Amino acid sequence: DSGVTQTPKHLITATGQRVTLRCSPRSGDLSVYWYQQSLDQGLQFLIQYYNGEERAKGNILERFSAQQFPDLHSELNLSSLELGDSALYFCASSVGSTGGEKLFFGSGTQLSVL
Amino acid sequence: GENVEQHPSTLSVQEGDSAVIKCTYSDSASNYFPWYKQELGKGPQLIIDIRSNVGEKKDQRIAVTLNKTAKHFSLHITETQPEDSAVYFCAASKTGKLIFGQGTTLQVKP
């Protein structure tokens, strides 16, 4: 058990809908990262937050947004969902935000858009 | 930005043999290179990592080597066991975020 908690484990929804994925980092970790894993794209970095502030942005679509709350949990919001958004979404956490951080991953949320 | 290439995409070995997975990275400023193991239905799990000021690191049956000049690093698993079967990812980082390779599916046949 990595100590990173993601909910829900599975999510099935329809095209055009909006969903929210939730992540609680390991105790003491200030950074949260979101990754998308699909069969043909591997693990793609979406966005990073550190202590409530956005720190780095990757290949995140404009339809997606995230935030980190004062209690350090994070939410990833996906809107106007398309079939191609079906993927595993992972959250990871680390103590800090500089280079050389060990990232610990949650078990992921499997999103299926029908 | 950083790009990480990983080879091979699949690897099948007999139990007891060694397995080697290789990665190259593009950004010479990257200074942290972890390896993750992902089992079916689970999130990636850190198994070993190396920093740019070190050339080699070992942890029991697992070792990682880094060649900064050539910008490549490798994972070596000796005496493979069936429970080593999984998908392995290399990654590179110079800031907090990790950029991952495409993954290697390792199958260890009993």
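Preceding block: the structure.
On a predicted model such as this, the values are computed, not experimentally measured, just so you know.

Novice: I keep staring at the overall build of chain B and nothing clicks. Help me out?
Specialist: For chain B, the count of helices and strands is 0 helices and 11 strands. Counting helices and strands in the order they occur from the N terminus, chain B gives β-β-β-β-β-β-β-β-β-β-β. In terms of overall dimensions, chain B is globule-like: its C-alpha atoms have a radius of gyration of 13 Å, near the 13 Å expected for 110 residues. Expressed as lengths along the three principal axes of its C-alpha atoms, the size of chain B is roughly 40 × 25 × 20 Å. Taking all 110 residues of chain B together, 45% fall into the buried category. Here the contacts in chain B between residues at least 6 apart in sequence split such that 52% fall between residues at least 24 apart.

Novice: Is there a simple way to explain the sheet that holds strand β3 (residues 19-24) of chain A in this structure?
Specialist: One key point about sheets: their strands pair by backbone hydrogen bonds, in either a parallel or an antiparallel sense. Residues and elements named next belong to chain A. The 4 strands lie next to each other as β1-β3-β8-β7, forming an open sheet whose pairing is antiparallel. Of all the strands in the sheet, just β1 (5-7) and β7 (64-68) have a single pairing partner and so form its edges. Strand-to-strand, the axes of this sheet are offset by a mean angle of 15 degrees, without reference to chain direction. Pairing between β7 and strand β8 (residues 74-78): 5 bridges, direction antiparallel. The partner of Gln-67 across the bridge, within β8, is Glu-75.

Novice: What am I meant to see in the environment of A:Leu43 here?
Specialist: Note that A:Leu43 resides in strand β5 (residues 42-50). For the pair A:Leu43 and A:Tyr89, spaced 46 residues apart in sequence, the C-alpha to C-alpha distance is 9.1 Å. If near-sequence neighbours (up to four positions away) are discounted, A:Leu43 is found in contact with A:Tyr35, A:Gln36, A:Gln37, A:Phe90, B:Pro44, B:Phe89 and B:Phe100.

Novice: Which parts of the structure should I look at to understand the nonpolar core?
Specialist: Buried together is how nonpolar side chains tend to be arranged in soluble globular proteins. Among the nonpolar cores identified, the biggest contains 24 residues, and B:Trp35, B:Phe73, B:Leu75, B:Tyr88 and B:Leu106 are the most heavily contacted of them. When contributions to this core are tallied by element, the ones reaching two or more residues are β2 (10-14), β3 (19-25), β4 (32-38), β5 (45-51), β7 (62-67), β8 (72-77), β9 (86-92) and β11 (104-109) of chain B. Here B:Phe73 is in contact with B:Ile21, B:Lys22, B:Cys23, B:Tyr25, B:Phe33, B:Trp35, B:Thr65, B:Leu66, B:Cys90 and B:Ala91, once residues within four sequence places are set aside. Judged by nonpolar contacts, the second largest core, of 21 residues, contains A:Leu11, A:Leu21, A:Val32 and A:Ile60.

Novice: Help me out: how do you make sense of the interface of chain A and chain B in this one?
Specialist: How big an interface is tends to be reported as the loss of accessible area on association of its parts. Each partner contributes to the interface: chain A provides 22 residues, whereas chain B provides 20 residues. Between chain A and chain B the total buried area reaches about 1500 Å² when both faces are included, carbon and sulfur atoms providing 54% of it. Salt-bridge contacts for B:Asp49 lead to A:Lys102; the nearest nitrogen and oxygen are separated by 2.5 Å. Applying the counting criterion to the chain A and chain B interface returns 4 residue pairs in polar contact (both at pLDDT 80 or more). Put simply, the parts of the chain that give the side of chain A that touches chain B at least two residues each are β4 (31-38), β5 and β6 (53-57) of chain A. In terms of residue class, the side of chain A that touches chain B is made up of 8 nonpolar, 10 polar and 4 charged.

Novice: Help me understand the sheet that holds β3(B) in this model?
Specialist: All names here are of chain B. The 5 strands are arranged β1-β3-β8-β7-β6 in an open sheet whose pairing can be described as antiparallel. Whereas interior strands pair on both sides, the edge strands pair on one side only; in this sheet they are β1 (4-7) and β6 (56-59). Within this sheet the neighbouring strands show an average axis-to-axis angle of 15 degrees, counted without direction. Here β6 runs beside β7; their pairing, made up of 4 bridges, is antiparallel. Note on β7: the bridge partner recorded for Glu-56 is Thr-65.

Novice: Mind showing me how you'd approach the side chain of A:Thr13 here?
Specialist: Secondary-structure assignment places A:Thr13 in strand β2 (residues 10-13). Residues in contact with A:Thr13, not counting those within four places in the same chain, are A:Val19, A:Leu81, A:Leu111, A:Ser112, A:Val113 and A:Leu114.

Novice: Just checking my understanding: could you explain the environment of B:Glu15 for this structure?
Specialist: Residue and element names in this part refer to chain B. Residue placement: Glu-15 occurs in the loop between β2 and β3. Between the alpha carbons of Glu-15 and Thr-80 there is a distance of 5.3 Å; along the sequence they are 65 residues apart. Beyond its immediate chain neighbours, meaning those up to four positions away, Glu-15 contacts Thr-80, Gln-81, Pro-82, Val-108, Lys-109 and Pro-110.

Parameters at a glance
Residue numbers run consecutively from 1 along every chain, following the written order of its sequence. Chain A is the first chain written and ligand 1 is the first ligand written, with later ones labelled in order. In keeping with the model being predicted, local features are shown solely for residues with a pLDDT of at least 70 and side-chain atom pairs are shown and tallied solely at 80 or more, while totals for entire chains, interfaces and linings include all residues. To obtain the side-chain values, all non-hydrogen atoms of the structure were included, while hydrogens and water were left out. Helix and strand labels come from DSSP, where a helix needs a run of H or I of at least four residues and a strand needs a run of E of at least two; each type is numbered from the N terminus. Our radius of gyration is a C-alpha quantity, and the globule rule it is checked against amounts to 2.2 Å times the number of residues to the power 0.38. When a residue's accessible area, from a 1.4 Å probe over protein chains only, is under 20% of the maximum for its type it is buried; when over 50% it is exposed; and in between it is partly exposed. Any two residues having at least one pair of non-hydrogen atoms within 4.5 Å are treated as being in contact. Paired strands, in this sense, are two strands between which DSSP finds at least two bridges. An axis is simply a line fitted to the C-alpha atoms; with a helix, the fit covers only the stretch in contact. Between two such axes, the angle follows the N-to-C directions and lies from 0 to 180 degrees. Grouping buried Ala, Val, Leu, Ile, Met, Phe, Trp, Tyr and Cys residues that are joined through side-chain atoms within 4.5 Å yields what is termed a nonpolar core. Accessible-area loss on putting two parts together, using a 1.4 Å probe and summing over both, is the definition of buried area adopted here. Counted as salt bridges are all cases of a side-chain nitrogen of Lys or Arg within 4 Å of a carboxyl oxygen of Asp or Glu. The term polar contact refers here to a pair of N or O atoms within 3.5 Å; inside protein, the definition further demands a hydrogen-donor-capable atom paired with an acceptor-capable atom, and it admits residues adjacent in sequence only when both atoms are side-chain atoms. Each residue gets one label: Ala, Val, Leu, Ile, Met, Phe, Trp, Tyr, Cys and Pro are nonpolar, Asp, Glu, Lys and Arg are charged, and the others, such as Gly, are polar.

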